[in-house]
Amino acid sequence: MEHRLGIIGAGGIAREVHVPVLRTFSDVKIVAVADADRAAAERLAGVHGIPYVMTDYRELLARSDVDVVLISTPNHLHAEMAVAALEAGKHVLLEKPMATCAAEAERIAAKARECGRILMVGMNNRFRPDAQQLKRYLEGGAFGDVYHVRTGWLRRAGIPSWSRWFTDKARAGGGVLLDIGVHMLDLALWLLGNPRVVLVTGKTFQTFTRPEARQTRMWAPAASDGAYDVEDFAVAFLHLETGATLTLEVSWAANLARDVQFVHLFGTGAGAVLEEIDFSDRRFTVYTERFGCLVDESPRVKWEPWGDRVAMWRHFLDCVKTGQPPSAAVEEAVQVQRILDAIYTASETGQPVALR
Ligand SMILES: NC(=O)c1ccc[n+]([C@@H]2O[C@H](COP(=O)([O-])OP(=O)(O)OC[C@H]3O[C@@H](n4cnc5c(N)ncnc54)[C@H](O)[C@@H]3O)[C@@H](O)[C@H]2O)c1
């Protein structure tokens, strides 16, 4: 079966990651690309030999030779575009975050159920080989009861500035929490088997994403001269229905040594650290006790360039082919969005938020 793909949003992630990955798939034909910026669409089409280019995404959705759509546009367009794509009968791979708020996410999920099409949010970190192996350990029962998880993604000087919309709440929905917090929260909950989250507290900070801080070294190179009304740091504390707890810490900019992404699991039988420092130095270690000895175990991980994205696309396209629901379920993405909403609410009100 050949998958005939349309791309909506020919920006950074489509250009640098999705299209190069998809071009390695022998069963994918990229038919069309739509971008409000015609030049961006034409550039992408020119480099990769994509036959059709348009500025109106609805024109792409009207094409009968497109079955599957990638939506990689600014966050505030996700809900409108995902709903329209589902209504047009397309299967959808939607970039993260699913939407800018839970109400929009719920609207997308309801439409996916109604239309009977596959919609998967692109939570690529679940498909990392170290995460997949850690999941196998968990499912094998190696950790006993996991009673606490620490997760986060801390960047020292990484405020996205290649596109103006990232720091504009109206278009991004939020700052670092929606941009990279969503990845780590999703990853940690997925590892735990997606338990229900019952109580959320948290706080967000806007320190460096202010116009007057633009000239500091906390910004990634290049300029963003749009709006600046989103957080650059967030911390949250979650109670899970299992009795376990989860903490999340994220920054786009902070005075710290190095960039780090992490998940630390604390279990009665073992613990684990999954860590990536400065996008290169990776660690996956399991800590336990055997025969009266404290043991550190490091499973071997096979890393391939863009291996997580290749695995994510393969899984999604296999689901399209077989009709099986994706392992990254829509309902899980909706719960993540509800938790993110709750963190913002808790920060504004200073009160914990109970989730039903
Ligand atoms: N999974 C990841 O690791 C990852 C990484 C980066 C970005 N993302 C997500 O991907 C999405 C896009 O991010 P990006 O970095 O590529 O942003 P970007 O700004 O580089 O690209 C967005 C593109 O959408 C186009 N666009 C805007 N309005 C449009 C419209 N009405 N119709 C059609 N096209 C329109 C823009 O012209 C631009 O080319 C975001 O949701 C972001 O959160 C995910």
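Here, the structure is the one placed above.
Given the structure is predicted, the values throughout are model-derived calculations rather than measurements.

Trainee: Mind showing me how you'd approach the pairing of strand S1 (residues 3-8) here?
Mentor: For a regular strand, side chains alternate in direction, first toward one face of the sheet and then toward the other. Summarising burial for S1: five of the six residues are buried, a large majority. For the crossover from S1 across helix H1 (residues 12-22) to strand S2 (residues 28-34), the handedness is right-handed. Across four bridges, S1 lies against strand S4 (residues 68-71) in parallel orientation. The partner of Ile-7 across the bridge, within S4, is Leu-70.

Trainee: Any chance you could explain the site of the ligand here in plain terms?
Mentor: Taken together, 25 residues lie near the ligand, and Gly-12, Asp-35, Asn-75, Ser-163 and Trp-165 sit nearest. Here an oxygen atom of the ligand and a side-chain polar atom of Asn-75 are 2.7 Å apart. With the chains in place, 84% of the 850 Å² that the ligand exposes on its own is no longer accessible. Those elements that provide at least two residues to the shell around the ligand are H1 and helix H4 (78-87). When its residues are assigned to classes, the shell around the ligand shows 10 nonpolar, 10 polar and five charged. A domain split of the shell around the ligand shows at least three residues from each of domain 1 (3-123 + 312-326) and domain 2 (125-304 + 335-354).

Trainee: Can you walk me through H1 in this structure?
Mentor: An α-helix turns once every 3.6 residues. As a result, residues three or four positions apart point the same way. Among all positions of H1, only Ala-14, Val-17, His-18, Val-19, Val-21 and Leu-22 are buried. The inward-facing, buried residues of H1 contact S1, S2, helix H2 (38-48), S4 and helix H9 (307-322).

Calculation rules
Residues numbered from 1 in each chain as written. Predicted model: local features only at pLDDT ≥ 70, side-chain atom pairs only at ≥ 80, totals over all residues. Heavy atoms only, no water. Buried < 20%, exposed > 50% of the residue type's maximum accessible area, 1.4 Å probe, protein only. Helix = DSSP H or I, 4+ residues; strand = E, 2+ residues; numbered from the N terminus. Right-handed = clockwise from strand over helix to strand, strands pointing away. Pairing = 2+ DSSP bridges. Near = heavy atom within 4 Å. Polar contact = N/O pair within 3.5 Å; in protein donor to acceptor, adjacent residues only side chain to side chain. Areas by Shrake-Rupley, 256 points an atom, 1.4 Å probe, with all protein chains shown as cover. Nonpolar A, V, L, I, M, F, W, Y, C, P; charged D, E, K, R; others polar. Domains from an automatic or database assignment. Contact = heavy atoms within 4.5 Å.

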